[in-house]
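Single-letter residue listing:
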Number of protein chains: 2
Amino acid sequence: MTTPTRAKPARSGIAREGGLANEVLEFVWRRREVSRAEIARRTGRSRSTISEVVARLLPTGLIHEVGSGESRGGRRPILIGFRDDASTILGVDIGAAHVSVALTDLRGRVLEWREEAHPVRNDPHGTAALAVELGAACLAARGPGAPEPMGIGVAVPSPVDPLSPYRILERILPAWHDFDLLGELRGRFGIPVFVDNDANLGALAEHHWGKAVGIDDFAYLKVATGIGAGLMIDGEIYRGATGVAGEIGHVAIDPRGPQCVCGNRGCLATFVGTRALVARTRTLLSDFPQSVLAGTDPDIWTLEDAALADDPLALKVVDEAARNLGIVIAGVLNLMNPGSVILGGSLARLGDRLVTPLKEAVASRTLVASAAASDIRTSELGPRATALGAATHVLVAALADPNLFPGVNAR
Amino acid sequence: MTTPTRAKPARSGIAREGGLANEVLEFVWRRREVSRAEIARRTGRSRSTISEVVARLLPTGLIHEVGSGESRGGRRPILIGFRDDASTILGVDIGAAHVSVALTDLRGRVLEWREEAHPVRNDPHGTAALAVELGAACLAARGPGAPEPMGIGVAVPSPVDPLSPYRILERILPAWHDFDLLGELRGRFGIPVFVDNDANLGALAEHHWGKAVGIDDFAYLKVATGIGAGLMIDGEIYRGATGVAGEIGHVAIDPRGPQCVCGNRGCLATFVGTRALVARTRTLLSDFPQSVLAGTDPDIWTLEDAALADDPLALKVVDEAARNLGIVIAGVLNLMNPGSVILGGSLARLGDRLVTPLKEAVASRTLVASAAASDIRTSELGPRATALGAATHVLVAALADPNLFPGVNAR
DNA sequence: TGACTTTGTTCGGTTGCCGAACAAAGTGCG
DNA sequence: CGCACTTTGTTCGGCAACCGAACAAAGTCA
């Protein structure tokens, strides 16, 4: 009855303040070096207004004057540059069986990197301690004089409800019930902490640093222990009504398929998850005595290496996986019409060995195949993509409202 | 190089001007009768500001003072009401084999209604002439003193590219290549014309007048000659990168299924389109000699009527259709996590006879079944839903920017 | 060299919105 | 009934954001 309805709640949970100062800041970040007059032209504001805004932004230390640019027939412009080293960000990737941490600058460069295997599912306290330890190690490696990071981003292998991000993992990881990972991190480092689902953050990383730069509507599929999709719609992560959009691991693709942990039969995850791929490889070993994998106990890494070496057994497993993925991707294309589909997770390093059979499977299942199927690609961001995406989330929040990060303008 | 990037291109193609005046206008429309003080509270603005905005809005004739409301312990408020009869809107539904036109007021009430069967696919000129004729008939029935409508909305059974809405139907209806339906209508009536896909407009109708009032993320499925989905995301129709989002009729649900016109096998449309349902009914006739349909040549209407009368043959056909639809809807739920799924098209009148088996099929294919599957419902808007949605599109545009409709404030 | 451009700043003015103050019109209690 | 208190809607002064015009500085081009 008395709830103000003024501002739409931002779907991303990020302020998106709309102020001109933020718009200019984000523009300078995107263009790296740009004059006041150019900002004025591109934002549609007057030069006088932009001059004033830039003057207010300079003392934050996020931007600075970096010299003069080329003349366009008159006075040479003073270029405004973004200070990529004005601060740093910690990106934490909580996987199914590992924790990794990246320390990045404000341009997505990974300055430090730590990774360690850990039984995440059953040990929330140890996981949090490990994340703190790896983060501290990243900071220590930068030396004593390095500035404090401005924030921490965390990727978790589970849906995140944007309305109550603190109670996250319990659905998939019961041991994590009511454990406050975020509070732990905030308490240790004393800076803002953000969480999101790993596939969502992978999509964010692709949007900023990968194959989706400049594309505002695309789907990112991460194939790992589980399978998840991150959907970017109009430049923002789409979460759906209750925050579980993109949970495609349990789409049924074969009602006669094997039993899945979720209780149904023939889920995508039972065919394409890393465990399923390794199991399938073991089953086929006896049929491929000439395979380099023959006589070994394969895991996902040796399987991928074998595929990269064009081993026939590995290629057969990848081919089957691609065709099963294709069923689901065709559905995504028909339903959402994304501008691009990007494949992430370790399988992405197989490149065309994965994409070619995938495109075939998709083309036979889509009406507008020619247009849609042509833009399926593999990520090139590598194993650091998720942690990088977590850091990127903090960067996006900072550009949208730098006031949330008091540490920055105190330099 | 010189493109201004100021305003994001609105995905809907509608202005969404953001001005306070439009916000107030839309608020008054939603609340029907509301005082200045209440508007101020709910929009977060001051009473003085709202007073001024209302004063500027009153001369448009879209709102007016309608008396005084209940006191809340002090002076009684002056209620501001929306003039539902300030203008009218023409909504045109171009179907696969019919044209229908609704004349509505600004509250979605259908004042006049005309419908006629027509071979739309092969006769664009005749179709346009028929739309004009039915529209004129609606206007004539209102008498000579009636005000001119403020705009025309058109629903077409084909994707619409928001960037070039004039070349619409050629992909699905080759005979329509380069025929300018919109120009025809604009030339005849001299008022703004808007187009969109029929499923999108059905979703819009549900959002304003049907089962999705208050729900900003949902999927609307229309089952007719073809099958299409309208996706509403954050209160706006989602079109995807190239305007074909929701084209789910050709999702493959059975690789061993029958050949489809699109060239693939086992498309959803080959199982659940009206033609497929009638064909399936004919096939099963011999197995159900006790059916009321036995000995008849059934069509989609008699089939639905039989199902409503609990005829076993009809129920079996509906049951099969529901299970096939369920496959696709489960995919929609897993991928997009909509707050609700609403079924439209004539099949919707079967109600629980359709929804119950559908929910069963969905529940066995979704991970978060309990939450998601519970909110699948049938539309109650009936056969006028699409034309109503077309008119609603014009209403939405008008509320977002009444300046587009000069005819209104000239009263 | 001189005419013309472009940049960035200064300055006065408009616009949108706010808060304080006020009159009008209510309610509720002694 | 009378009086204190609320709520509504308007008026008016003021602030912040932004703009356009004017200008000096610094460049290009013929």
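Residues numbered from 1 in each chain as written. Chains lettered and ligands numbered in written order. Predicted model: local features only at pLDDT ≥ 70, side-chain atom pairs only at ≥ 80, totals over all residues. Heavy atoms only, no water.

The secondary structure content of chain A amounts to 13 helices and 13 strands. A total of 411 residues make up chain A; the buried ones form 54% of that total. Long-range contacts, defined here as pairs at least 24 residues apart, represent 61% of the contacts in chain A between residues at least 6 apart. Counting every atom, chain A has about 17,300 Å² of accessible surface; 52% of that belongs to carbon and sulfur. (Helix = DSSP H or I, 4+ residues; strand = E, 2+ residues; numbered from the N terminus. Buried < 20%, exposed > 50% of the residue type's maximum accessible area, 1.4 Å probe, protein only. Contact = heavy atoms within 4.5 Å. Areas by Shrake-Rupley, 256 points an atom, 1.4 Å probe, with all protein chains shown as cover.)

By size, the foremost hydrophobic cluster in this structure holds 92 residues, and its most contacted members are Ile329 and Met336 of chain A together with Ile329 and Met336 of chain B. If sequence neighbours within four positions are ignored, methionine 336 of chain B has contacts with Tyr238, Gly240, Ala245, Leu335 and Met336 of chain A together with Leu231 and Ile233 of chain B. (Core = buried A, V, L, I, M, F, W, Y, C linked by side-chain atoms within 4.5 Å.)

The immediate surroundings of DNA strand D are formed by 24 residues, with Thr49 of chain A together with Arg47, Ser51, Arg75 and Ile78 of chain B found nearest. Counting only the atoms of DNA strand D within 4 Å of the protein, the fraction contributed by sugar and phosphate is 66%. At a separation of 3.0 Å, a phosphate oxygen of DNA strand D approaches a polar backbone atom of serine 46 of chain A. Measuring from a base oxygen of DNA strand D, one finds a side-chain N or O atom of serine 48 of chain A at 2.9 Å. Counting residues per element, the ones that place at least two in the surface near DNA strand D are α3 (47–57) of chain A together with α2 (36–43) and α3 (47–57) of chain B. Its residues assigned to classes, the surface near DNA strand D shows four nonpolar, twelve polar and eight charged. (Near = heavy atom within 4 Å. Polar contact = N/O pair within 3.5 Å; in protein donor to acceptor, adjacent residues only side chain to side chain. Nonpolar A, V, L, I, M, F, W, Y, C, P; charged D, E, K, R; others polar.)

Right, let's get into the pairing of strand β7 (residues 151–156) of chain A. Residues and elements named next belong to chain A. Burial of β7 is extensive: six of the six residues sit out of reach of the surface. Across the two faces of β7 the burial is the same, with Gly151, Gly153 and Ala155 and Ile152, Val154 and Val156 all buried. Relative to β7, strand β4 (residues 89–94) is paired through five bridges, and the arrangement is parallel. Along β7, the bridge assignment pairs valine 92 with valine 154. Note that β7 and strand β8 (residues 193–197) share five bridges and pair parallel. Counterpart to isoleucine 152 in the pairing with β8 is valine 193. (Pairing = 2+ DSSP bridges.)

Before going further, it helps to spend a moment on the packing of helix α8 (residues 274–284) of chain B against helix α10 (residues 312–336) of chain B. Residue and element names in this part refer to chain B. Put simply, α8 and α10 touch, their axes get as near as 10 Å, and they point 135 degrees apart. Put simply, α8 runs oblique to α10. Judged by the twist between their axes, the crossing of α8 over α10 is right-handed. Only Leu313, Lys316, Val317, Glu320 and Ala321 of α10 make contact with α8, whose side of the interface consists of Leu277, Arg280, Thr281 and Leu284. Class assignment of the residues belonging to the contact of α8 with α10 gives a composition of five nonpolar, one polar and three charged. (Axes fitted to C-alpha atoms, helices over the stretch in contact; angles between N-to-C directions. Parallel < 35°, antiparallel > 145°, perpendicular 65-115°, else oblique. Left-handed = near helix turned anticlockwise from the far one by under 90°.)

Quick look at the sheet that holds strand β12 (residues 340–344) of chain A now. Residues and elements named next belong to chain A. Ordered in space as β11-β10-β9-β12-β13, the five strands form an open sheet in which the pairing is mixed. Both outer strands of the open sheet, β11 (236–238) and β13 (376–378), are each paired with one neighbouring strand and no more. This sheet shows a mean twist of 30 degrees between the axes of neighbouring strands, independent of strand direction. Bridge count for strand β10 (residues 227–233) against β11 is three bridges, and the pairing is antiparallel. Following the sheet pairing, methionine 232 is matched in β11 by isoleucine 237. Each of β9 (218–223), β10, β11 and β12 touches helix α6 (residues 198–209); the most contacted strand, β10, lies at about 50 degrees to it.

Attention now goes to the protein's contact with DNA strand C. Of all residues adjacent to DNA strand C, which total 24 residues, the nearest are Arg47, Ser51, Arg75 and Ile78 of chain A together with Thr49 of chain B. Separating a phosphate oxygen of DNA strand C from a backbone N or O atom of arginine 36 of chain A is a distance of 3.4 Å. Contact between DNA strand C and arginine 47 of chain A: a base oxygen at 2.6 Å from a side-chain N or O atom of the residue.

Residues and elements named next belong to chain A. Contact pair helix α1 (residues 20–31) / helix α13 (residues 385–400): the axes reach a minimum separation of 8 Å and the direction vectors enclose 135 degrees. When the axis of α1 is compared with that of α13, the two are oblique. Listed contacts from α13 to Asn22, Leu25, Glu26 and Trp29 of α1 are Leu395, Ala398, Leu399 and Ala400. Its residues assigned to classes, the contact of α1 with α13 comprises six nonpolar, one polar and one charged.

All names here are of chain B. One open sheet holds the five strands; their spatial order is β6-β5-β4-β7-β8, and the pairing between them is mixed. Looking at strand neighbours, the two that pair on one side only are β6 (110–117) and β8 (193–197), the edges of this open sheet. On average, each strand axis in the sheet is tilted by 15 degrees relative to the strand beside it, whichever way the strands run. Contacting β4 (89–94), β5 (98–104) and β6, helix α4 (residues 124–141) crosses the sheet at an angle of about 30 degrees to β5. Helix-sheet contacts for helix α13 (residues 385–400) involve β4, β5, β6, β7 (151–156) and β8, and the interaxial angle to β4 is about 135 degrees.

It is worth spelling out the pairing of β5 of chain B at this point. Residues and elements named next belong to chain B. Of all the seven residues making up β5, six are buried; the element is thus mostly covered by neighbouring parts of the structure. Where β4 lies against β5, six bridges are found, and the strand directions are antiparallel. By the bridge assignment, aspartate 93 is partnered in β5 with serine 100. The hairpin formed by β4 and β5 contains three residues between the paired strands. Note: β5 against β6, seven bridges, orientation antiparallel. Paired with histidine 98 across the strands is alanine 117, a residue of β6.

By the definition in use, this model includes four aromatic pairs over all chains. A ring pair is formed by tryptophan 29 of chain A and tryptophan 209 of chain A, whose centres lie 5.7 Å apart and whose planes are at 75 degrees; its orientation type is edge-to-face. Taken as a pair, tryptophan 29 of chain A in helix α1 and tryptophan 209 of chain A in helix α6 lie far apart in primary sequence, 180 residues in all. Taking relative accessible area as the criterion, tryptophan 29 of chain A reaches 6% and is therefore assigned buried. Both rings, one in tryptophan 176 of chain B and one in phenylalanine 179 of chain B, keep their centres 5.7 Å apart while their planes meet at 85 degrees; by these two values the pair is edge-to-face. In this arrangement the basic side chain of arginine 107 of chain A is found over the ring face of tryptophan 29 of chain A, its NZ or CZ atom lying 4.6 Å from the centre. (Phe/Tyr/Trp six-rings, centres within 6.5 Å; stacked < 30°, edge-to-face > 60°. Lys NZ or Arg CZ within 6 Å of the ring centre and 35° of its normal.)

With a phi close to 65 degrees, arginine 32 of chain A is a non-glycine residue in the positive phi region. By secondary structure assignment, the location of arginine 32 of chain A is in the loop between α1 and β1 (33–35).

A separate point is the pattern of salt bridges. All names here are of chain A. According to the stated counting rule, one finds 44 salt bridges over all chains in the structure shown. With a shortest N-O distance of 3.1 Å, aspartate 84 and arginine 107 are connected by a salt bridge. Pair noted here: aspartate 84 is in the loop between β3 (78–82) and β4 and arginine 107 is in the loop between β5 (98–104) and β6 (110–117), with a separation of 23 residues, a long-range link. Grouping residues by exposure puts aspartate 84 and arginine 107 together as buried. (Salt bridge = Lys/Arg side-chain N within 4 Å of Asp/Glu carboxyl O.)

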